[in-house]
Amino acid sequence: MALLKIARMGHPVLLQRAEPVADPNAPEIRRLVADMIETMLDAPGIGLAAPQVHVPLRLFVFHLPAARSGAAAVAPRAVINPRLELLGEERVLRVEGCLSIPGLRAAVPRHLRIRYTGVDCDGAPVGGEVDGLHANVVQHEYDHLDGILYPMRITDFSQFGFAEELARVPPLGQETAS
Ligand code: NI
């Protein structure tokens, strides 16, 4: 396994629509997923999309540590060729970061509930109907596959800034970096 170089905001790979993975079971995809999980955990972050490591394919990895999610923990997993459905109208503001935008954080509106599907490296289905941090990280990662970075979702720029500065004021929500 290997640590991968993470593209930073401004690199064109982060702005393009990624292509579907032709064969989720291919050895090179399994290797990519293993390297992405290692890179995500090392960063550390809770999610990482393939375009962030300069691979414009529709897959991402994420995990939910029990201490962070306040709900069921999710071990590191890959979601290949995901489909995302936003459920209902309810939205929540949650403080997000991104490994491609180091040092910055913002309160970003996201749908509270989603349904997503995809497959893992074995071709087994993953996903389900989820809410909270799980729904948040999946929406953030899915956006990466469409060339969307969280600053494009900000509605209140007074809550966009450097993490060190935002840490001085009461937190709006749980912070994530993905
Ligand atoms: Ni990100």
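Remember, predicted model here, so these are calculated numbers, not experimental data.

Here the structure, examined in full by the defined rule, presents 10 salt bridges. Among the ionic pairs, Arg17 bridges to Asp146, the shortest N-O distance being 2.8 Å. Within this pair, whereas Arg17 is found in the segment before α1 (27-42), its partner Asp146 is found in the loop between α3 (132-145) and β6 (160-162), the two being separated by 129 residues in sequence. When its relative accessible area of 55% is taken as the criterion, Arg17 is described as exposed. With relative accessibility at 25%, the residue Asp146 sits in the partly exposed group.

Looking at the secondary structure, you find Val137 in helix α3. Take Val137: its relative accessible area is 1%, and that puts it in the buried class. Along the primary structure Val137 and Leu57 are separated by 80 residues, whereas in three dimensions their C-alpha atoms are 18 Å apart. What Val137 contacts, discounting residues up to four positions off in sequence, is Ile46, Gly47, Phe62, Leu64 and Ser178.

Glancing now at α3. Think of an α-helix as turning once every 3.6 residues; residues three or four places apart then point the same way. With 14 residues, α3 should cover 20 Å at 1.5 Å per step; its first-to-last C-alpha distance of 21 Å lies within 8% of that length. For α3, the tally of buried residues reaches 14 of 14 residues, placing the bulk of the element in the interior. Looking one or two residues beyond α3, the residue adopting positive phi is Gly147, at roughly 75 degrees.

This brings us to the environment of Arg105. Positionally, Arg105 belongs in strand β4 (residues 104-119). With a relative accessible area of 14%, Arg105 lands in the buried category. Distance in space between the C-alpha atoms of Arg105 and Arg58 is 25 Å, their sequence separation being 47 residues.

Here α1 is 16 residues long and its end C-alpha atoms lie 23 Å apart, about the 22 Å a rise of 1.5 Å per residue gives. By the burial criterion, the buried members of α1 are Ile29, Leu32, Val33, Asp35, Met36, Ile37, Thr39 and Met40. In this structure, the buried side of α1 is in contact with β1 (47-49), β2 (59-64) and β3 (74-97).

We now examine the side chain of His134. Secondary-structure assignment places His134 in helix α3. Owing to a relative accessible area of 13%, His134 belongs among the buried residues under this scheme. With sequence-adjacent residues up to four places away left out, His134 is seen in contact with Phe62, Leu64, Val74, Arg77 and Tyr116.

The next subject is unusual backbone geometry. With an omega of -10 degrees, the peptide bond running from Ala43 to Pro44 counts as cis. Turning to its location among the elements, Pro44 is positioned in the loop between α1 and β1. Despite not being glycine, His54 shows a phi value in the positive range, around 65 degrees. Mapped onto the secondary structure, His54 falls in the loop between β1 and β2.

What counts, and where the lines are drawn
Residues numbered from 1 in each chain as written. Predicted model: local features only at pLDDT ≥ 70, side-chain atom pairs only at ≥ 80, totals over all residues. Heavy atoms only, no water. Salt bridge = Lys/Arg side-chain N within 4 Å of Asp/Glu carboxyl O. Helix = DSSP H or I, 4+ residues; strand = E, 2+ residues; numbered from the N terminus. Buried < 20%, exposed > 50% of the residue type's maximum accessible area, 1.4 Å probe, protein only. Contact = heavy atoms within 4.5 Å. Expected span 1.5 Å × (residues − 1).

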